[in-house]
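Here is how the chains run, residue by residue.
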Amino acid sequence: VAAQAGPNMPAPLTAAKSMEKSVGLSRDEALEVEAKFFARLALTNEADSLIGLFLNEQAVSKKARDWESAGRKVSRAAVLGAGTMGGGVAYQSATCGVPIVMKDIAEKGLDIGMREASKLLAGQVNRGRMTPEAMAAVLGSIQPTLDYSTFGNVDFVVEAVVENEGVKKRVLAECEAVLGSDAILASNTSTISITRLAQALKRPANFCGMHFFNPVHRMPLVEVIRGEHSSDAAVATTVAYARQLKKTPVVVRDCPGFLVNRVLFPYFGAFNALLRDGADFREVDRVMQKFGWPMGPAHLLDVVGIDVAHHAAGVMAEGFPERMRIDFRTAVELMFEAGRFGQKTGAGFYRYEQDKRGKPVKTADPQAQAMIAGISAAPREFDEQEIVERMMVPMCNELVRCLDEDIVDSAGEADMALVMGIGFPVFRGGALRYMDHMGLAEFCAAADRHAGIAAVYGVPESLRARARDGRRFYS
């Protein structure tokens, strides 16, 4: 039980201990034992976090239902760009009963998108969750195309082309020209301003962001981004479509990186600074996994794609130069220049080989370590607490700034977005609840210990005020 539950989830092992201690006791005596164990668990931070997440999830779902009731149900959708992401969106839409047109400029792209959808559907069949007949029907509701000839009867379009502002603007303008006047157009951009993208459109009120997380079929979160000109109707219909796709939408306001990536990139920046100062990336990964992340930052960068992260880091540095512009040569830049893009190329911080089931398996790569040694200080050991503080403080500070700027409406929505979007440890309840449990005064002290490293460690004044007044993010 302990091995399956892991070290951070005490309830399963406590339940087993309660049963063990109750063997041979009468029913009433066993209930007394159970009550004591239960009371002990009920007072833990883990219980508070998990109960809080449940309540946050209920609140987020209610808000999404309210938006959905004001939106239109999507009967036929389209996705622009038929790569892995486009194929994932097409799969999710078709599987959930919404026929979808998948457009690309090249037959090769369509082949990639259809292969992605077919692979996911075949997995469902192999696991006995779908019949071959049902798979054929779902595939039949995905219509690959190289032109816009069928877009006149589409009522919702997701743009998922390359993460380049100029390309996106051109494609969005082309698409808008063939759509009906009330069709909604949404961009799956992960970092580029929705307000800036809307400059290319004649009907910016019908445009907003719809940021899926990769892989689409697994990740529950969809960020719905309200640009400066996005109408309530566009936002509501986008939320409605996300719920049709069995996703959890969180509405956020426009800024570079929106909510999740804006908060994630200071975390990656902290990782780069640790490596610059002589930390071993494998040790940082180990410590952050122990903290509760599903994978450490080096492994996560490999999964996200070093090329994707490198590009997004540039967008974030342009958007928030005072905090996110990095003035030293980073390990991510080094990997990018060497063409080591992570899992997709078989090498990044780690080396990857496929197992018998076709899953990438991570192995150590001395070449990566040697490369990083060339741009780092002399190797040194860091205390685990120092690693955690240096990694977590920038992320938490940036999330507080997002609350201050009304990028997200509530602490509950902010924490749910991090848990569902990037796998923030559930037993910690999200970054803001983690800060509450740590104590805001202690968090500010931890940030101040590292204030000289970079501007991202600077504590927002609103957070200092909360700490002084004894207020928390959750009552």
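Everything below is about the structure shown above.
None of the values given here were measured: they were computed from a predicted structure. (Residues numbered from 1 in each chain as written. Predicted model: local features only at pLDDT ≥ 70, side-chain atom pairs only at ≥ 80, totals over all residues. Heavy atoms only, no water.)

**Some thoughts on the sheet that holds strand β7 (residues 221–226)**
The cut-off we apply is this: Pairing between strands requires that DSSP locate at least two bridges from one strand to the other. Numbering goes from the N terminus for both helices and strands, where a helix is a DSSP run of H or I of at least four residues and a strand is a run of E of at least two. Angular values range over 0 to 180 degrees, each being the angle between N-to-C directions of two axes fitted as lines to C-alpha atoms, with helices fitted over their stretch in contact. The criterion used for residue contact is that any of the two residues' heavy atoms lie within 4.5 Å.
With respect to topology, eight strands assemble into an open sheet ordered β3-β2-β1-β4-β5-β6-β7-β8, the strand pairing being mixed. Each end of this open sheet is capped by a strand with a single partner; those strands are β3 (142–145) and β8 (248–253). Here the strands of the sheet are splayed against their neighbours by 25° on average, with no regard to which way each runs. As judged from the three bridges shared by strand β5 (residues 184–187) and strand β6 (residues 207–212), these two strands associate in the parallel manner. Note on β6: the bridge partner recorded for Ser187 is Gly209. Each of β1 (77–80), β2 (100–103), β3 and β6 touches helix α5 (residues 84–95); the most contacted strand, β2, lies at about 170° to it.

**Here's the deal with the nonpolar core**
Heads up, the rule is: For the purposes of this section, nonpolar cores are sets of buried Ala, Val, Leu, Ile, Met, Phe, Trp, Tyr and Cys residues that join through side-chain atoms within 4.5 Å. The buried label goes to any residue with under 20% of its type's maximum accessible area, the exposed label to any with over 50%, and the partly exposed label to all in between, with areas taken from a 1.4 Å probe on protein chains only.
Among the nonpolar cores identified, the biggest contains 102 residues, and Met288, Phe349, Met392, Leu432, Met435 and Phe473 are the most heavily contacted of them. Broken down by element, this core gets its largest block of residues, 11 residues, from helix α18 (residues 384–404). Ranked by size, the runner-up nonpolar core spans 43 residues in total, among them Ala77, Tyr91, Met114 and Cys208.

**Looking at helix α8 (residues 165–178)**
Rule in force here: For a helix, the expected span equals 1.5 Å multiplied by the number of residues minus one. The arc under discussion is defined with respect to the helix axis, by the directions toward the C-beta atoms. In protein, a polar contact requires one atom able to donate a hydrogen and another able to accept it; more generally it is a pair of N or O atoms within 3.5 Å, and residues adjacent in sequence count only if both atoms are side-chain atoms.
Helix length check: α8, at 14 residues, gives a terminal C-alpha distance of 21 Å against a target of 20 Å (1.5 Å per residue), a fit within 8%. Among all positions in α8, only Lys168, Val171, Leu172, Cys175 and Glu176 are buried. Buried residues of α8 fall within an arc of 135° about the axis and therefore sit on the same side. Near the N-terminus of α8, the side chain that reaches the backbone nitrogen of Gly166, with its oxygen 3.0 Å away, is that of Asn164.

**Some remarks on the pairing of β5**
Regular strands place side chains that alternate from one sheet face to the opposite one. Stated formally: For the handedness criterion, the strands are oriented away from the viewer, and a crossover whose path from the first strand over the helix to the second runs clockwise is classed as right-handed.
Taking every second residue as pointing to the same face, both faces of β5 are buried, with Ile184 and Ala186 on one and Leu185 and Ser187 on the other. Both strand β4 (residues 156–159) and β5 contribute to a ladder of four bridges, which runs parallel. Residue Glu159 lies in a different strand from β5, and its bridge partner there is Ser187. In this fold, the crossover linking β4 to β5 by way of α8 has right-handed handedness.

**What about unusual backbone geometry?**
Asn214 connects to Pro215 through a cis peptide bond whose omega is 0°. Tracing the chain through its elements places Pro215 in the loop between β6 and β7. Phi angles above zero are rare outside glycine, and Phe258 is one such case at about 60°. Mapped onto the elements of the fold, Phe258 is located in the loop between β8 and α11 (260–276).

**Focus: helix α19 (residues 411–422)**
The α-helix advances 3.6 residues per turn, and as a result positions three or four apart in sequence lie on the same side. With 12 residues, α19 extends 16 Å from end C-alpha to end C-alpha; this agrees with the ideal 16 Å at 1.5 Å per step. Of all 12 residues making up α19, 12 are buried, and the element is well covered by its neighbours.

**Concerning the environment of Tyr474**
Tracing the backbone shows Tyr474 in the segment after α22 (461–469). It is 16 Å that separates the C-alpha atoms of Tyr474 and Ala417, two residues lying 57 residues apart in sequence. Among all residues touching Tyr474, those that are not within four sequence positions of it are Asn56, Ala411, Gly412, Asp415, Leu432, Arg433 and Asp436.

**A look at the packing of aromatic side chains**
Which entries qualify depends on this criterion: Aromatic rings from Phe, Tyr and Trp, with only the six-membered ring used for Trp, were paired whenever their centres fell within 6.5 Å, and each pair was classed as stacked if the ring planes differed by under 30 degrees, edge-to-face if by over 60, and tilted otherwise.
This structure, assessed with the given rule, holds 11 aromatic pairs. Note on Phe281 and Tyr350: the rings are 5.4 Å apart at their centroids and 80° apart in plane angle, and the pair reads as edge-to-face. Residue Phe281 is located in helix α12 (residues 281–291), and its partner Tyr350 is located in the loop between α16 (331–337) and β9 (351–354); the two are separated by 69 residues in the primary sequence. Across the pair, Tyr350 and Phe281 agree in class, each one buried. One aromatic cluster is present, built from ring pairs that chain together Phe265, Tyr267, Phe268, Trp293 and Phe424.

**Let's talk about a nonpolar patch on the surface**
Spelled out, the test is: Patch membership is restricted to residues that have no salt bridge and whose relative accessible area is over 30%. Joining uses 9 Å for like charges and 5 Å for the nonpolar side chains Val, Leu, Ile, Met, Phe, Trp and Tyr. Values of accessible area rely on a 1.4 Å probe in the Shrake-Rupley scheme; residue burial ignores everything except the protein chains shown. We define a salt bridge as a contact between a side-chain nitrogen of Lys or Arg and a carboxyl oxygen of Asp or Glu at a distance within 4 Å.
A cluster of nonpolar side chains, namely Ile51, Phe54 and Leu55, defines an oily patch on the protein surface of about 320 Å² accessible area. By secondary structure assignment, the location of Ile51 is in helix α4 (residues 45–70).

**Quick notes on a positive patch on the surface**
Just so we agree on the cut-off: Charge counting treats Lys and Arg as positive and Asp and Glu as negative, with His and both chain ends excluded. To locate a charge, take atom NZ for lysine, CZ for arginine, CG for aspartate or CD for glutamate.
On the surface, a cluster of positive charge is contributed by Lys17, Lys21, Lys36 and Arg40. Within the residue set of the positive patch, elements represented by two or more residues are α2 (10–22) and α3 (27–42). Mapping Lys17 onto the fold places it in helix α2.

**Some thoughts on the packing of α18 against α19**
What counts is decided by this rule: Small angles under 35 degrees read as roughly parallel and large ones over 145 as roughly antiparallel, with 65 to 115 read as roughly perpendicular and the rest as oblique. Crossings are sorted by hand: turned counterclockwise from the far helix by less than a right angle, the near helix makes the crossing left-handed, and turned clockwise it makes it right-handed. Side-chain classes follow a simple rule in which Ala, Val, Leu, Ile, Met, Phe, Trp, Tyr, Cys and Pro form the nonpolar group, Asp, Glu, Lys and Arg form the charged group, and the remainder, Gly included, forms the polar group.
Between α18 and α19, the least distance of the axes is 10 Å, while the angle of their chain directions is 135°. Relative to α19, the element α18 lies oblique. Along this stretch, α18 crosses α19, giving a crossing that reads as right-handed. Contact with α18, carried on its side by Met395, Leu399 and Leu403, involves Ala411, Ala414, Asp415, Leu418 and Ile422 of α19 and no other residues of that element. Class assignment of the residues belonging to the contact of α18 with α19 gives a composition of seven nonpolar, no polar and one charged.

Geometric values such as these leave the question of function open.
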